[in-house]
Each structure stands twice: as structure tokens, then as C-alpha cells.
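# Per-entry structural report
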Amino acid sequence: DTAVSQTPKYLVTQMGNDKSIKCEQNLGHDTMYWYKQDSKKFLKIMFSYNNKELIINETVPNRFSPKSPDKAHLNLHINSLELGDSAVYFCASSQERPDEAFFGQGTRLTVV
Amino acid sequence: AQTVTQSQPEMSVQEAETVTLSCTYDTSESDYYLFWYKQPPSRQMILVIRQEAYKQQNATENRFSVNFQKAAKSFSLKISDSQLGDAAMYFCAYRIPYTGANSKLTFGKGITLSVRP
């Protein structure tokens, strides 16, 4: 059983389109995250939800909107995609203690 | 703000030899966690080892061990008996153990480790 699963694994789309990435965790964790890994492999937090409540919202364009229908799911919707949005997006989940984060396999988004 | 620094962008090790990857961090907290994550070409993020700041004993997981120097804010990873499968990017990460606006993982820039056969 996959602990944290994201779909799709690859996403190629044109500029200006709207797309969504879905994430589900079956670990019973309370907290879920979206991280962005850029072309230089740098990982940066975008959002975090705890029990469906948004607790971290880093400086991210408002074209990015996370949604958590329940604590096992955290989706990322991106409007009006731009070339600079091309990156790998990771979903992750954790508990407070022990609190290592478990990551999904990542979604490679390519905007053309 | 917490920062994590990995100053070496690349390292290389001969198979079966030992290599040490460096990491320093900056924080004003006394209770926190430190992690090393491995990212192979498959891009999956895999937890290698974790250290709790209040524990003085260095964490060990099979061939992987850390040298945690709390006063110096240093957290290096030692890989013994290096194997070809150890070739990957390694990220040092920091997090405080609370739920809230500061509960994010902060990553270093990563280091690419290659293993020579």
C-alpha cells in the first residue's frame, strides 16, 4: 500500500491552462504539505494543512489554491499556468511526534 | 528564521569506502528534529536518518550514522561501506516538533553523491 500517493506523476500542459494535482495519504496523519522542487533541486514549502485547516501559506502566487476536503486528502489547483511553474511538486504528510515527513512520488509539471 | 546550509554541491566516493556529507543549521530553538533525506534519480524522497535535538546520542541506521554537534549546530551524515545504490542527492532538513506556522521542513540545497565502482 502506498503511504502518500499523488496523481498524476507527469503533467505536460500549455501556458494559460488550469490544472490540478491530487494527493492522498493513508497514514492517518493530521498534517499535509505541498513542496515545490525547482530546476536546481531546491525544495521549498508552499502550503500546509492540519486537520483540513490551512496553517502555512508561504509566498505563493494566488494562482495556486490548495484544497483539503478531509485530512487524508490535499489537492493543489493551479490557474493560468506560466512557464515558471514548471517544477516537481511533492505532497507530504506527517504527525507531530514522531514527525518525519512521508513524501509522495512527486508530480513533474512541464508548462510549454 | 531557520536556515540549513549544505556547502558542498557534489561529492564522490569509491565503492566500499566511507564518505561524510556536511550540514550546518541556524536556529534559536532548543527542541527540534534534524533529518537526512535521499533522493535517487527516481525522485522519490526517502528518509535516511533522523536525530532529535534533546538526545545526545548520535543516531545510527545500519551503514548510516550522524555526527550531531548541537553547540556547533552541525549535523553531518556518514555513509560507511558505500554502495552503488547510495548514489543520489542528499538533503539535510530541519523542523520543530510542533503543529503550526513553523512546523515546516526547511531543507538545505542538497548534495549530489556519486559512487565510483
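Structure first, text after, so check above.
First, a word on scope: everything that follows refers to the structure included in this document. (Residues numbered from 1 in each chain as written. Chains lettered and ligands numbered in written order. Predicted model: local features only at pLDDT ≥ 70, side-chain atom pairs only at ≥ 80, totals over all residues. Heavy atoms only, no water.)

## Notes on the overall build of chain B
Counting secondary structure elements, chain B contains zero helices and 12 strands. When the elements of chain B are put in sequence order from the N terminus, they spell out β-β-β-β-β-β-β-β-β-β-β-β. Against the compact-globule benchmark of 13 Å for 117 residues, chain B has a radius of gyration of 14 Å, which places it among compact chains. With the C-alpha coordinates aligned to their principal axes, the bounding extent of chain B is approximately 45 × 30 × 20 Å. Per-residue burial for chain B yields a buried fraction of 50% across its 117 residues. Counted over contacts in chain B with a minimum sequence separation of 6, partners at least 24 positions apart contribute 56%. Counting only carbon and sulfur atoms, one obtains 47% of the accessible surface of chain B, whose full area is about 5500 Å². For chain B, the centre of its 12 positive side-chain charges and the centre of its 10 negative side-chain charges are spaced 5 Å apart. (Helix = DSSP H or I, 4+ residues; strand = E, 2+ residues; numbered from the N terminus. Rg over C-alpha atoms; globule rule 2.2 N^0.38 Å. Buried < 20%, exposed > 50% of the residue type's maximum accessible area, 1.4 Å probe, protein only. Contact = heavy atoms within 4.5 Å. Areas by Shrake-Rupley, 256 points an atom, 1.4 Å probe, with all protein chains shown as cover. Lys, Arg positive; Asp, Glu negative; His and termini not counted. Charge placed at Lys NZ, Arg CZ, Asp CG, Glu CD.)

## Notes on the packing of aromatic side chains
Residues and elements named next belong to chain B. Counted under the stated rule, the structure contains 16 aromatic pairs over all chains. Plain terms: the ring middles of tryptophan 36 and phenylalanine 75 are 6.3 Å apart, the flat faces sit at 25° to each other, and that makes the pair stacked. With a gap of 39 residues between them, tryptophan 36 in strand S5 (residues 33-39) and phenylalanine 75 in strand S9 (residues 74-79) connect regions that are remote in the sequence. With respect to class, tryptophan 36 is no different from phenylalanine 75; both count as buried. A ring pair is formed by phenylalanine 68 and phenylalanine 75, whose centres lie 6.4 Å apart and whose planes are at 80°; its orientation type is edge-to-face. Taken individually, phenylalanine 68 and phenylalanine 75 each receive the classification buried, so the pair is uniform in this respect. (Phe/Tyr/Trp six-rings, centres within 6.5 Å; stacked < 30°, edge-to-face > 60°.)

## Things to note about the nonpolar core
Nonpolar side chains tend toward joint burial in soluble globular proteins. All names here are of chain B. Residues Leu21, Trp36, Leu77 and Tyr90 are the most contacted members of the largest nonpolar core, which totals 27 residues. Breaking this core down by element, the ones donating at least two residues are strand S3 (19-21), S5, strand S6 (46-52), strand S8 (64-69), S9, strand S10 (88-95) and strand S12 (111-116). It is S10 that contributes the most residues to this core, four residues altogether. If we skip the residues at most four places from it in the chain, leucine 21 touches Gln8, Met11, Trp36, Phe75, Ser76, Leu77, Ile79, Tyr90, Ile111 and Leu113. (Core = buried A, V, L, I, M, F, W, Y, C linked by side-chain atoms within 4.5 Å.)

## Looking at the side chain of Thr27(B)
In this structure, Thr27(B) sits in the loop between strand S4 (24-26) and S5. Once residues lying within four places of it in the same chain are set aside, the contact partners of Thr27(B) are Gln2(B), Tyr32(B), Lys73(B) and Tyr94(B).

## Some thoughts on the environment of Ser48(A)
Residue and element names in this part refer to chain A. Relative to the helices and strands, serine 48 resides in strand S5 (residues 43-50). The spacing of serine 48 and tryptophan 34 is 14 residues in sequence and 6.5 Å in space, taken between C-alpha atoms. Sequence-distant contacts of serine 48, that is, excluding residues within four places in its chain, are made with Thr31, Met32, Tyr33, Glu53, Leu54, Ile55 and Ile56.

## Re the sheet that holds strand S3 (residues 19-25) of chain A
Residue and element names in this part refer to chain A. Read from one edge of the open sheet, four strands run S1-S3-S8-S7, paired in antiparallel fashion. This sheet does not close on itself; its edge strands, each paired only once, are strand S1 (4-7) and strand S7 (64-70). Between one strand and the next, the sheet's axes are offset by a mean angle of 15°, whatever the strand orientation. One ladder, built from four bridges, connects S3 with strand S8 (residues 73-78); its direction is antiparallel. Within S8, the position partnered with isoleucine 21 by the bridge is leucine 76. (Pairing = 2+ DSSP bridges. Axes fitted to C-alpha atoms, helices over the stretch in contact; angles between N-to-C directions.)

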